[in-house]
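Read off the chains here:
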Amino acid sequence: MTNFTKLTMLAGLATAGIFAVPAAAQDMTTDSKPFSGVYIGAAGGYDVQGNDVGSSILFDRNNDGNFSDSVNTITGANAFSPGFCNGSARTAVPAYGCRNDDDGWSYYGRAGFDVQRGAFVVGIVGEFGKSEITDSVAAFSTTPASYTMARKLKWEGSARLRAGLAARNTLFYATGGAGYAKIDNLFFTTNTANAFAATGSDKKWGYVGGGGIEQKLTKNISIGMEYTYHQYKDDDARVLVTAGTALAGSPVLLANNPFVLAPNTAGTAFRRSDDQFRWHSLRGTVSFRF
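Residues numbered from 1 in each chain as written. Predicted model: local features only at pLDDT ≥ 70, side-chain atom pairs only at ≥ 80, totals over all residues. Heavy atoms only, no water.

### Side note on the environment of Ser106
Next, step 1: Assignment of secondary structure puts Ser106 in strand E6 (residues 104-117).
Next, step 2: Ser106 gets classed as buried once you look at its relative accessible area, which sits at 1%.
Next, step 3: Between the C-alpha atoms of Ser106 and Ile133, which are 27 residues apart in sequence, the distance is 8.5 Å.
Next, step 4: Sequence-distant contacts of Ser106, that is, excluding residues within four places in its chain, are made with Ala43, Gly44, Gly45, Tyr46, Asp47, Lys130, Ser131, Ser281 and Arg283.
Next, step 5: A polar side-chain atom of Ser106 sits 3.3 Å from a polar atom in the side chain of Asp47. (Helix = DSSP H or I, 4+ residues; strand = E, 2+ residues; numbered from the N terminus. Buried < 20%, exposed > 50% of the residue type's maximum accessible area, 1.4 Å probe, protein only. Contact = heavy atoms within 4.5 Å. Polar contact = N/O pair within 3.5 Å; in protein donor to acceptor, adjacent residues only side chain to side chain.)

Now the structure itself:
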């Protein structure tokens, strides 16, 4: 099932649920400004990532900060000729493929404030929560060995503007603003000869935007459906590959290791070619308005 199919099915189910609210519920609120005031609530749904076709791992062979180098064997052959995949390596060889990026459920709390003037509604909303998504890219060397760099969302907060039009007790709105997220960077390899030091987990600023529908059920309670797009620049993840004790104890292996070949014996740095962490979210919402 493709990411688009997942989102389409979820959107259809959520929309059907909202518009299946009995007509009687539409008349339960007689306030001329049903969407004015402070509210608190929760949101939950499913997050999917785009297809990062063409993603790879880049190399800095001489540690000068320029990640445009190739890693070659002692004969001059490309040590990473087996290639790359936009996912997590299953084994040491590409023949068994890669696992797709992990999509997953998301859980958020929210609070906001709206002002309604006629049919126009404007306000602000703040959210905080987490998602179970992981974005990976893998490289395969001729050793053979695999190398996977992954990033995982630990938590996310956002502060967004919200503006829309109300049709009686139904609000159609757009939303957008700043996001702030904790992103963990991870590294996995089947190479047991070299030593690897991974860095880069950090908090990042980004943006969140989208739109939704909110339906009042009573004077105080509403439900809704919301789509948002999230994007963060995550360009700090690095992996430094050095000789390690196994190679240091074997001069022959050390002299033939592509990562530490003379004259650049200090090691090789990795980074991802794709420095954007992005995903789509479709969530149901429930709010209590004071």
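Moving on from the model shown.
### A closer look at the pattern of salt bridges
Next, step 1: Applying the stated criterion across every chain, the model contains 19 salt bridges.
Next, step 2: The residue Asp114 makes a salt bridge to Arg289 at a minimum N-O spacing of 3.4 Å. Here Arg289 lies in strand E16 (residues 276-289) and Asp114 lies in strand E6, a separation of 175 residues in the sequence. Here Asp114 matches Arg289 in class, with each residue buried.
Next, step 3: A salt bridge links Asp235 to Lys204, with the shortest nitrogen-to-oxygen separation between them at 4.0 Å. You can see Asp235 sitting in the loop between strand E13 (221-233) and strand E14 (238-242) and its partner Lys204 sitting in strand E12 (residues 202-216), a full 31 residues away along the chain.
Next, step 4: Through salt bridges with shared partners, one network takes in Asp135, Arg151, Asp234, Arg272, Asp274 and Arg278. (Salt bridge = Lys/Arg side-chain N within 4 Å of Asp/Glu carboxyl O.)

### Concerning a nonpolar patch on the surface
Next, step 1: Side chains of Val38, Ile40, Phe113, Ile124, Leu161, Ile221, Val286, Phe288 and Phe290 sit close together on the surface and give an oily, nonpolar patch of about 830 Å² of accessible area.
Next, step 2: Of all the secondary structure elements, the ones that give two or more residues to the nonpolar patch are strand E1 (37-48) and E16.
Next, step 3: For Phe290, the location among the structural elements is in the segment after E16. (Patch = residues over 30% accessible without salt bridge, like charges linked within 9 Å, V, L, I, M, F, W, Y side chains within 5 Å. Areas by Shrake-Rupley, 256 points an atom, 1.4 Å probe, with all protein chains shown as cover.)

### Focus on the pairing of strand E10 (residues 170-189)
Next, step 1: Bridging between strand E9 (residues 145-167) and E10 involves 20 bridges; their strand directions are antiparallel. If you follow Leu161 over to E10, its bridge partner there is Gly176.
Next, step 2: As consecutive antiparallel partners, E9 and E10 are separated by 2 residues, and within that stretch Arg168 has a phi angle of approximately 60°, a positive value.
Next, step 3: The pairing of E10 with E12 spans 14 bridges and is antiparallel. Following the sheet pairing, Gly177 is matched in E12 by Val208. (Pairing = 2+ DSSP bridges.)

### A word on unusual backbone geometry
Next, step 1: The peptide bond linking Thr143 to Pro144 adopts the cis configuration, its omega dihedral lying at 5°.
Next, step 2: The amide bond that connects Ala262 to the next residue, Pro263, takes the cis arrangement and shows omega of 10°.
Next, step 3: Looking at the secondary structure, you find Pro263 in the loop between helix H4 (251-256) and strand E15 (268-272).
Next, step 4: Despite not being glycine, Arg168 has its phi angle at roughly 60°, a positive value.
Next, step 5: With respect to the helices, strands and loops of the structure, Arg168 is situated in the loop between E9 and E10.

### Some thoughts on empty space enclosed by the protein
Next, step 1: Evaluated as defined, the whole model comprises 3 cavities of 30 Å³ or more.
Next, step 2: One number sums up the size of the largest cavity: a volume of about 60 Å³.
Next, step 3: Forming the boundary of the largest cavity are Arg151, Asn185, Asp234, Asp235, Asp236, Ala237, Arg238, Arg271, Arg272, Asp274 and Asp275.
Next, step 4: Here the lining of the largest cavity is composed, by residue class, of 1 nonpolar, 1 polar and 9 charged. (1 Å grid on protein atoms, 1.4 Å probe; cavity = no way out; pocket = protein on both sides within 12 Å on 5 of 7 lines; lining within 4 Å. Points joined across faces, edges and corners; volume = space filled by probe spheres on them. Nonpolar A, V, L, I, M, F, W, Y, C, P; charged D, E, K, R; others polar.)

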